[in-house]
Structure formats: structure tokens, C-alpha cells
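Chain by chain, the residues run as shown.
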Protein chains: 2
Amino acid sequence: MTVNAPHNLSTDIDDFAAIKAVTGLIDARLATIIPSSQTWPARLHEAQRHALLSPGKRFRPLLCVFVAKGAGFEGDAAIDVGCVAEMVHAASLILDDLPCMDDAELRRNQPTTHIAFDESTAILTATALLNRAFGVLSRLSHVDAEKRIELVDLLSYAVGSKGLIAGQMADLANTDANASISEIERLNTLKTGALFDFSVEAAAVLAGSSAGQRSALKDFSHHLGLAFQLMDDVKDTLMSDTEAEKTVGRDIGKATILALTGSEAALERLSGYIINAKEALTRAELSNGDTLNSVLDAQFSFIRT
Amino acid sequence: MTVNAPHNLSTDIDDFAAIKAVTGLIDARLATIIPSSQTWPARLHEAQRHALLSPGKRFRPLLCVFVAKGAGFEGDAAIDVGCVAEMVHAASLILDDLPCMDDAELRRNQPTTHIAFDESTAILTATALLNRAFGVLSRLSHVDAEKRIELVDLLSYAVGSKGLIAGQMADLANTDANASISEIERLNTLKTGALFDFSVEAAAVLAGSSAGQRSALKDFSHHLGLAFQLMDDVKDTLMSDTEAEKTVGRDIGKATILALTGSEAALERLSGYIINAKEALTRAELSNGDTLNSVLDAQFSFIRT
């Protein structure tokens, strides 16, 4: 989005306010979905709150809420579905950070869950978050049972053997420095893309989008997932722990686009993904495309600095 | 069940044949729910098959199938819902056996998943099984969306903060040798009972049971869960690894009914639980109460030897 006229500037300010307001709603809802840290067993709920409520950009929920709204869905259920994506994301981070996986100590600028608590608590916390995510979908208010069951099915697909878990398995085995760019993109599509796909497609289900709109939105989330994972790889390689707000350098020895092409080409590729995502967004003809572009710009701002 | 007349003897043989036939259907369905071990990522599917398809008594699925049938449900979906309970059970065993939890090497007479594969694969395998369980519920054929969503909700409840995961958290923290019997029973109700409750209540949902029947069935599964966990504690204390077909002696230092009351009183209590379960079963007025009694007798046979 270019800022070249008072009209656009005020749109930017409106978008910023809308994003901030929705982020506040998401954070408030996340805080009520998980029992209080006084509820027995307290340690389980403390750990869930530690992992889930730590400051984050809530990118996946924002996508879900704004896509649902732009496609014509007005209900509060979009907030809940967005929270589901955030819960599964938090669960996946807990597991990725375990000693037997990436062995990371810092996440979102705080100790990872197994460091702040212990390994068994971390594993049960991740399991509880995934489990609760399905529970939230089953109880979405003012959404008919057919749609709720479609969302359960979508989530199970996104997490399973063709999504997050498969991506994580492949990532742990990723030591093939000769992997091609398309192989790496396939891995990134699973590891990161699957949950972006869920967030966006779930919004389309809520809104009852047409087949054409769903197809454009799939293209949108696909390129967004690729962009996001590549940005993550850039952070892992070029930033310090403090700048990235997490333990970096875990990708050393892994096949990444950055390792394969160097940073300049990787940043160019990243810009290409974002352009593709924005083109697909235009094709989806949402009523709030500008706001969604602002959501994207906020997320990818660091590559412009 | 007493064997004192030719009529009852032939019923026993019929029951035995029915249990064997249904076990075969369950095993066959479990084998198709998880992708083949050639499907990418192969290691994830090999590990799921290792954990899920190892020989087991399939007690939870048998309960689900026979209760559903006895309450008047004729569809194949009961097999699938039973498999869901078995998948979640297998997932919980994988996690319980991890080095950071019970640190067990043997389960169902074969190496535990983290020994046969590795820790990260074991954790992702357990997560995948839980996730797939929800996916199976979302796609039950010939079951309307309202019931499918009720089953998703039931499963999430059984696994979550008032079920399996809470029970496992509490069990890991269980070092209070002064715990009372009622406190231990509460823990056992969560750790083991929750999945029995799911198996039986899900069957009642499929069958559209009356409130009265559901209430009796809840009482049935509650006492069954208590009986089963106490039997497990007896095995852990009195049997060798080979007899129990798993690593035993993990309960040493934990508060169990066996440790609190001694083995004679514990076995008496176990018989009491089974009697209560069978009384509740009679009250549920299923059409196949005798067969279910045989399912129970097969499961608890060792306490009669």
C-alpha cells in the first residue's frame, strides 16, 4: 500500500485501528478459552496460558477474522475459529522447541514451555491445546452443525499426515543439502502453509464463499505460507536471538531456500511470494482487501527496512 | 456368568464368537484408518501402525460396539467410534511411556514407540493419532452432523482438562503417600475412566438412548474405569514384565489403592467395582447384556485365576 494521498493515509489509520481492535478481541477470547491458572490441575493451565497468551502478532487469527468479514460473515464465531488456529500454532511451537526436536530455550522473548515448566508438562500442554481446539470448533455459537463438522475436518486435515505433523517429521529429517527449491517449498507448505490454509479456508466456510472465491483464497494462503516460512528462515539466519525474540540458528545444516540461493535471491523470492499472495487476494474480491493488505504489510514490514 | 446349563454354555460360545468377530472388524478398520507404512512420511505412519496395530484386547472399541448395538444402533459407525477410542488410548500410552513420564521400554510385549523409533517421532505419532481421531469422527458415515459434532465435543471433554490429560498431569505429580482412597479414585476416574466414559456415552449418542439409559450407562462406565485402573495397578505390582506384557513397577512410590489397602482388600474392592458395573449394566436394559458381561469377564479373567 502506497501512502500518497490524504484519503489513503486515513485508510491506513483506519486499518491500523481495525487491526488493533481485532487483536484485542482475539487476545481477550484466548484468555477465556483456557481455564484460569487457579483451576485444577493448575500447572497444566498455567503452562497453557504461558504458551498461548505470550505476546504474539496473532497473524493467523487476524487472517481468519478479516477474511471471514471481507467474505460477508458477520458473526463472532470468526474470532473463535481464529483462536483455534492460534492454539494449534502455539501447540506446534511447544513441540518444535522440545529438546528432542529443535531444543530451543527462547520463544516470543520468554522461556519455552519445557524450560519454564518441564518436558512432560510441555508435551501434555501441547496435546491439551490441540484437543481444546477441536472442542472450541464443536461449540461455535450461531454456526450450524454441518459447518462446524466441516471445520473439524479441515483442522484435522491441516494438522495431520498432509499438514503440520508431516511437515515437522520431514523437517526433523531435513539434512539433504541437495534438496531442490520445489522440494523445500513442498516442506514449507506443510510445515507452515497448512495452518494458514486452515485459517483462510475456515473463514470461507463460515462465510459460505463461492467456489471461485475459495479457490482464489486458497491461492492467497498458499503464497502467504511460503512467504511466512521464508521470512522465518531469514530471521533464523540473519537475526540475533534478541531481534527474532526466539532461539535462532536452529536451521544450520538444514536445506532452506536461503541456504540454497543466498540472502539476496531469497529476499527477492520472498517479495515474489507476497506479490502473488496479494494478487490472489485481489481475485478473491473481499470487501476489505485494503485492510488485509495492511495486515500483510504489518507482518512483513521488516523486509522493507 | 455361571456355566450351569447347556443353554448358557451355548450362549457363552455365541458370545465368544461375537466378540471374536467384532474384534476382527475393529482390527481390520484400524489397519485402514492409518495410511500404509509406504505413504510419505513413512516413518510417521510406521510408528502410528506400530503403536496402534500391536495386538491388544480392544476393550474400549468392544464396549462401544456392543453398547451401541445393545441400545439399538445398527450402523457400521460404531466400529469407527470404537476405533477412535482405541486411537486415543494408543496415543496416551505413547506419551505415558516417554522418558520424561513413566520411562517404559515395553508395551504390549513390544518396544515402546520412542524405543522402536525415537522420541520426536513418538511425540508426533501420539499427536497424529489424537488428531486423526477427530478427523474420523467428522466423517462418520450415515450419522447426522448434529451427532457427529456431539461426539467431537464428548471426545474433547474426555481428553482435556477434566479427563485424560488432567489425569496424566496429576499422576505425574502423584507422590502423596497420604492420599485418601477417594482422592485416588478421582485420579483413576480421570486417567482411565474418561476414555471408558467416552466409549460408552458415544455409543449411547449413536443409538439415541433415553436419558435413563444414558444415566445407567454412565454409572456402568464409571465403575468399569475404576475396576480397570485398579486391575492395572495390581498388574504393575504383582506381575512380572512378561506376565503383564509391559514394563511394570512404575507405580512404586505412587499412591495407589493397592499400596494403601494391601492386595487382598484391593482385590475385594476390584470385585465390588465389577459388581457395581454389572448392576448398572442391568439397569441400562441393553438387548445384549449377556454378551457385554462376557466382554467384561474376558477382560477381568485374571482376577479369577
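Residues numbered from 1 in each chain as written. Chains lettered and ligands numbered in written order. Predicted model: local features only at pLDDT ≥ 70, side-chain atom pairs only at ≥ 80, totals over all residues. Heavy atoms only, no water.

Colleague: Is there a simple way to think about the relation of the copies chain A and chain B in this case?
Modeller: To go from the first copy of the chain to the second, apply a rotation about an axis and then a shift along the same axis. Under the fitted operation, chain A is carried onto chain B by 0.0 Å of movement along the axis and a turn of 180°, and the coordinates agree to an RMSD of 0.0 Å. On this basis, the relationship between the two copies can be described by a two-fold rotation axis. (Least-squares fit on C-alpha atoms with pLDDT ≥ 70 in both.)

Colleague: Looking at this structure, I do not really get the interface of chain A and chain B. What am I missing?
Modeller: Often, the extent of an interface is quoted as the loss of accessible area on bringing the components together. Residue-level contacts link 44 residues of chain A with 44 residues of chain B. Interface of chain A and chain B: buried area, both sides summed, is about 3800 Å²; carbon and sulfur atoms make up 73% of it. Looking at the side of chain A facing chain B, the largest losses of area belong to A:Trp40, A:Asn131 and A:Met169, adding up to 17% of the total buried there. At the boundary of chain A and chain B, one finds two salt bridges. Across the pair A:Arg139 and B:Asp153 runs a salt bridge whose closest N-O atoms are separated by 2.8 Å. Applying the counting rule to chain A against chain B returns 10 residue pairs in polar contact (both at pLDDT 80 or more). Going through the elements one at a time, helix H2 (42-53), helix H6 (119-138), helix H7 (145-159), helix H8 (164-172) and helix H9 (181-207) of chain A are the ones with two or more residues in the side of chain A that touches chain B. The element that contributes the greatest number of residues to the side of chain A that touches chain B is H6(A), accounting for 13 residues. Among the residues forming the side of chain A that touches chain B, the class breakdown is 24 nonpolar, 12 polar and eight charged. (Contact = heavy atoms within 4.5 Å. Buried area = accessible area lost by both parts, 1.4 Å probe. Salt bridge = Lys/Arg side-chain N within 4 Å of Asp/Glu carboxyl O. Polar contact = N/O pair within 3.5 Å; in protein donor to acceptor, adjacent residues only side chain to side chain. Helix = DSSP H or I, 4+ residues; strand = E, 2+ residues; numbered from the N terminus. Nonpolar A, V, L, I, M, F, W, Y, C, P; charged D, E, K, R; others polar.)

Colleague: Help me out: how do you make sense of helix H3 (residues 59-70) of chain A in this one?
Modeller: The α-helix winds at 3.6 residues per turn, so residues separated by three or four positions along the chain end up facing the same way. Residue and element names in this part refer to chain A. Compared with an ideal rise of 1.5 Å per residue, which puts 12 residues at 16 Å, H3 spans 16 Å between its outermost C-alpha atoms and is within 8% of the ideal. The element H3 is extensively covered by neighbouring structure, given that 11 of its 12 residues are classed as buried. Turning to H3, its buried residues are Phe 59, Arg 60, Pro 61, Leu 62, Leu 63, Cys 64, Val 65, Phe 66, Val 67, Ala 68 and Gly 70. Trailing H3 by a residue or two, Gly 72 shows a phi angle of about 105°, which is positive. (Expected span 1.5 Å × (residues − 1). Buried < 20%, exposed > 50% of the residue type's maximum accessible area, 1.4 Å probe, protein only.)

Colleague: Hey, could you run me through the packing of aromatic side chains in this one?
Modeller: Tallying each qualifying case throughout the model produces 11 aromatic pairs over all chains. With 5.5 Å between their ring centres and 65° between their planes, A:Phe59 and A:Phe196 make a pair best called edge-to-face. Placement of the pair is A:Phe59 in helix H3 and A:Phe196 in helix H9, with a sequence separation of 137 residues. Pair check on accessibility: A:Phe59 and A:Phe196 agree, each one buried. Ring pairs connect the aromatic residues A:Phe59, A:Phe196, A:Phe228 and A:Phe300, which therefore count as one cluster. Across from the ring centre of A:Phe228, 5.2 Å away, lies the NZ or CZ of A:Arg60, which sits over that ring. In this structure, B:Arg186 packs its charged tip against the face of A:Trp40, placed 4.2 Å from the ring centre. (Phe/Tyr/Trp six-rings, centres within 6.5 Å; stacked < 30°, edge-to-face > 60°. Lys NZ or Arg CZ within 6 Å of the ring centre and 35° of its normal.)

Colleague: How should the side chain of A:Asp102 be read in this particular structure?
Modeller: Residue and element names in this part refer to chain A. Inspection of the secondary structure assignment puts Asp 102 in the loop between helix H4 (77-96) and strand E1 (106-107). Residue class for Asp 102 comes out buried when judged on its relative accessible area of 18%. Excluding anything up to four places from it in sequence, Asp 102 contacts Asp 96, Arg 250 and Lys 254.

Colleague: Where do I start with the pattern of salt bridges in this structure?
Modeller: Two side chains that carry opposite charge are able to pair once their charged atoms sit near each other. All names here are of chain A. Counted under the stated rule, the structure contains 36 salt bridges over all chains. Among the salt bridges present, the one from Lys 278 reaches Asp 297, with a minimum N-O distance of 2.7 Å. Here Asp 297 lies in helix H14 (residues 289-299) and Lys 278 lies in helix H13 (residues 263-284), a separation of 19 residues in the sequence. You'll find Lys 278 and Asp 297 in the same group, each marked buried. Taken together, the salt bridges that share partners define one network made up of Asp 27, Arg 58, Glu 86 and Arg 108.

Colleague: Sorry, what's going on with the packing of H8(A) against helix H6 (residues 119-138) of chain B here?
Modeller: The packing of two helices is summarised by the inter-axis angle and the distance between the axes. Taken N-terminus to C-terminus, the directions of H8(A) and H6(B) make an angle of 170°; their axes are 10 Å apart at the nearest point. Comparing the axis directions of H8(A) and H6(B) gives the class roughly antiparallel. Residues A:Ile165, A:Gln168, A:Met169 and A:Leu172 of H8(A) form the contact with H6(B), whose own contacting residues are B:Ser120, B:Thr121, B:Leu124, B:Thr127 and B:Ala128. Residue composition of the contact of H8(A) with H6(B), grouped by class: five nonpolar, four polar and no charged. (Axes fitted to C-alpha atoms, helices over the stretch in contact; angles between N-to-C directions. Parallel < 35°, antiparallel > 145°, perpendicular 65-115°, else oblique.)

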